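Next come the chains, spelled out residue by residue.
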Amino acid sequence: MNPVKDRLQSLDVFRGLTIAAMIIVNTPGDEEHSFGPLKHSVWNGCTPTDLVFPCFIFMMGISIVFALQSKKADLAKRGDILLKSLKRMVLLILIGWGIQLVYHFNFSTLRFPGVLPRLGVVYFLTTLIYLYVSQKGWKYIFGGILIGYYILICLIPLQGSYAVTPTHNMAAVIDRFFLSEKHLAKFAYTDPCGIIGTLPSVCSAMIGLYAGTILKEVNLSPNNKFGSLTLLGSSFTVAGLLFQFIFPLNKPLWSSSYVLFAGGVCMAAFAFCYWLIDIEKIKAPYWIFTVFGVNAIASYVLSEVLPKPLNFIIVSSANGKVSGMHIINDLVFVKIFSLQWASLVTALVFTLLVWSPMFVFYKKKVIVKI
C-alpha cells in the first residue's frame, strides 16, 4: 500500500507508533494489572510510558520547521502565521475541554490543563520562538527556561522546606493559586499538565526545532543528518541523566532533567526511524502506523471519546456487571491469558478499533487538519 505523498515518511510512521503506544497505555483492560512499563512513574523516574507525551511535543517542533521554514523569511506573512497558530491553540484547548465534558458535563469543575491544552499552548509559544528568535538565540531561551525552572522548583523553599514531593512543590502551589483546586486534575495533587510545567514543555518542542533544522539542512547528506540527530539525541540523553542528580527525572513536574532525557531519547529513536525508512528504505508495512500518523489528532480524539459509548454496553457476570472493553477483558481474555497479558491484549483490541476508521481515512487520503 502506498503512503500518503509529499510527507516525511519516517515522521508519520514515528508519530503513528507514538499514537499506538498512547492508546495502549491509556486504555488497558485492567489498569491495576498492567505491566510496569505500561504505567507512568508515580513520581520520580521515567518508564517507557513517560516518553509518549514528550514524543508528541518533540514531533510538533519538527513539524513547525517543515511547515514554516520557507515562510518565516517573509516578514509580511509572520503576523498571519502567528494568528493561525493562535487559532490552532484555542481550537486544541477547546477540543481538550470538550473531551472532558463528554464524560463530566460540569463547567464548574472543568479541568483547565490537559494534554491537548498543553499541546496548543506549546505549539503557539514554539511557533513564536521559531518566527522571531534567531537560531543562535534558541540556546539562551532553552537554557534559561531549564535553569530557571530548576531554581523555582528546587532552590526556593516552600513553607521553610526545600523538599519536592507530590503534595509539596512550587508548581502545584502556583496551579492551585491561579486555577483553584476545582479546575485541576482530581487524580493527583500535582496536575501533570499544569501552568508552570508548560514552560519546560516548550523546551521539549525546541529539541524538535533543532531536529527539524538538521533535517532541512541542504548542505548535509541524509547519512550526516542521521549522524547529527543521533549524536545530538545521545548528548541530550546523557545531559538529562547527569542533571537528574540535582533535579530528578519527573514527568508530573516536567523537570529539566526529564526534558533533556526524554527529548534525547525521542530524537535518537526518531533518527533510527529516519535511517530505516528514508535513508535505507528498508521494506516493511510502515503504512500500518502511518494510518495513525497522518491523522494524529483525530486518532487521539477518537481514542478518548470512544470509551464513552462503549461503556453503555453492560453485561452481567458472576462477579457483577461489567461494561465497555472490560467485557472482553474480564469475560474472555482473562480466561485465556494471565491478568497482565489479558489487560494488554484488550488494549491492543481497542487500538485496532480506533485504527479501523482511521484506515478508511487513509485509503481515501483524508487528513483532518486543525
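Structural notes on the overall build of the protein chain
Across its full length, the protein chain carries 14 helices and 2 strands. When the 370 residues of the protein chain are sorted by exposure, 49% land in the buried category. Residue pairs in contact within the protein chain that sit at least 24 positions apart in sequence constitute 73% of those at least 6 positions apart.

Digging into the nonpolar core
Membership of the largest hydrophobic core comes to 96 residues, with the highest contact counts inside it found for Phe 58, Phe 142, Ile 153, Leu 229, Phe 270 and Phe 292. Of all the elements, helix 9 (residues 256–279) adds the most residues to this core, at 14 residues. Once you skip the residues sitting within four places of it in the chain, Phe 142 turns out to touch Cys 203, Met 206, Ile 207, Phe 236 and Leu 260.

Describing the packing of aromatic side chains
Summed over the entire model, instances satisfying the criterion amount to 23 aromatic pairs. Between the aromatic rings of Phe 226 and Trp 275, the centroid separation amounts to 6.2 Å while the plane-to-plane angle is 35°, which identifies the pairing as tilted. Placement of Phe 226 in helix 8 (residues 222–243) and of Trp 275 in helix 9 is noted, with a sequence separation of 49 residues between them. Taking relative accessible area as the criterion, Trp 275 reaches 25% and is therefore assigned partly exposed. Consider the rings of Phe 243 and Phe 247, whose centres lie 6.5 Å apart with planes at 75°: the pair is edge-to-face. On the basis of relative accessibility, which here comes to 15%, the residue Phe 243 falls in the buried class. Put simply, the rings of Tyr 130, Trp 138, Phe 142, Tyr 210 and Phe 236 touch in pairs and so form one group of aromatic residues. Over the ring of Trp 254 we find Arg 118, and its NZ or CZ is 5.3 Å from the ring centre.

Points about helix 3 (residues 75–103)
Its 29 residues place the ends of helix 3 44 Å apart at the C-alpha level, agreeing with the 42 Å of an ideal helix rising 1.5 Å per residue. Among the residues making up helix 3, those that are buried are Arg 78, Ile 81, Leu 82, Ser 85, Met 89, Leu 92, Ile 93, Gly 96, Ile 99 and Leu 101. Taken together, the buried residues of helix 3 touch helix 2 (52–68), helix 4 (115–132) and helix 11 (296–305).

Digging into the pattern of salt bridges
Inspection of the entire model under this criterion finds 4 salt bridges. With a closest N to O distance of 2.9 Å, Arg 15 and Asp 12 form a salt bridge. Taken together, the positions of Arg 15 and Asp 12, both in helix 1 (residues 9–26) and 3 residues apart, correspond to about one turn of that helix. We classify Arg 15 as buried; its relative accessible area is 12%.

Structural notes on the pairing of strand 1 (residues 314–317)
Pairing between strand 1 and strand 2 (residues 320–323): 4 bridges, direction antiparallel. In the strand pairing of strand 2, Val 315 is matched with Val 322. Connecting strand 1 to the antiparallel partner strand 2 that follows it, the hairpin turn spans 2 residues.

Observations regarding the side chain of Ser 256
Within the element layout of this structure, Ser 256 appears in helix 9. Ser 256 has contacts with Leu 146, Tyr 149, Tyr 150, Phe 243 and Phe 247, leaving out every residue within four places of it along the chain.

A few points about the packing of helix 2 against helix 7 (residues 198–215)
Helix 7 packs onto helix 2 with a crossing angle of 45° between their chain directions and a minimal axis gap of 6 Å. It follows that helix 2 is oblique to helix 7 by the angle criterion. With respect to the hand of their crossing, helix 2 and helix 7 are arranged in right-handed fashion. Contacts between helix 2 and helix 7 pair Ile 57, Phe 58, Gly 61, Ile 62, Ile 64, Val 65 and Phe 66 from the former with Ser 201, Ser 204, Ala 205, Ile 207, Gly 208, Leu 209, Ala 211, Gly 212, Thr 213 and Leu 215 from the latter.

Considering the confidence of the model for the protein chain
The pLDDT averaged across the protein chain works out to 94; a share of 98% of its residues lies at or above 70. Between residues 1–6, whose pLDDT stays under 50, and residues either more than four places distant or in other chains, the model counts 10 contacts.

Observations concerning a nonpolar patch on the surface
On the surface, Leu 83, Leu 86, Val 90 and Leu 94 cluster together into a nonpolar patch covering about 320 Å² of accessible area. The topology assignment puts Val 90 in helix 3. On the basis of relative accessible area, Val 90 is assigned to the partly exposed category, the value being 39%.

Things to note about the environment of Phe 107
Within the fold, Phe 107 resides in the loop between helix 3 and helix 4. The exposed category is assigned to Phe 107, whose relative accessible area is 52%. Considered as a pair, Phe 107 and Glu 304 are 197 residues apart in the sequence and their alpha carbons are 19 Å apart. With residues up to four places along the chain from it excluded, the contact list for Phe 107 reads Leu 101 and His 183.

A word on helix 8
For helix 8, spanning 22 residues, the distance from its first C-alpha to its last is 31 Å, which sits close to the expected 32 Å at 1.5 Å a residue. Regarding helix 8, the residues found buried are Lys 225, Leu 229, Gly 233, Phe 236, Thr 237, Gly 240 and Phe 243. Along the axis of helix 8, the buried positions cluster into a sector of 130°, meaning they face one direction only. When the buried face of helix 8 is taken as reference, the exposed residues oriented beyond 90 degrees from it are Leu 231 and Leu 242. The inward-facing, buried residues of helix 8 abut helix 5 (135–155), helix 7 and helix 9.

Quick look at unusual backbone geometry
Positive phi, close to 70°, is recorded for Ser 180, a residue that is not glycine. Within the secondary structure, Ser 180 is located in the loop between helix 6 (170–179) and helix 7. Relative accessible area serves as the criterion here: at 26%, Ser 180 is assigned to the partly exposed category. Even without a glycine there, the phi angle at Trp 254 is positive, about 55°. Here Trp 254 is to be found in the loop between helix 8 and helix 9. Taking the relative accessible area as the measure of exposure, Trp 254 reaches 0% and is therefore buried.

Thresholds applied
- Residues numbered from 1 in each chain as written.
- Predicted model: local features only at pLDDT ≥ 70, side-chain atom pairs only at ≥ 80, totals over all residues.
- Heavy atoms only, no water.
- Helix = DSSP H or I, 4+ residues; strand = E, 2+ residues; numbered from the N terminus.
- Buried < 20%, exposed > 50% of the residue type's maximum accessible area, 1.4 Å probe, protein only.
- Contact = heavy atoms within 4.5 Å.
- Core = buried A, V, L, I, M, F, W, Y, C linked by side-chain atoms within 4.5 Å.
- Phe/Tyr/Trp six-rings, centres within 6.5 Å; stacked < 30°, edge-to-face > 60°.
- Lys NZ or Arg CZ within 6 Å of the ring centre and 35° of its normal.
- Expected span 1.5 Å × (residues − 1).
- Salt bridge = Lys/Arg side-chain N within 4 Å of Asp/Glu carboxyl O.
- Pairing = 2+ DSSP bridges.
- Axes fitted to C-alpha atoms, helices over the stretch in contact; angles between N-to-C directions.
- Parallel < 35°, antiparallel > 145°, perpendicular 65-115°, else oblique.
- Left-handed = near helix turned anticlockwise from the far one by under 90°.
- pLDDT = per-residue confidence, 0-100.
- Patch = residues over 30% accessible without salt bridge, like charges linked within 9 Å, V, L, I, M, F, W, Y side chains within 5 Å.
- Areas by Shrake-Rupley, 256 points an atom, 1.4 Å probe, with all protein chains shown as cover.
- Arc of directions from axis to C-beta.

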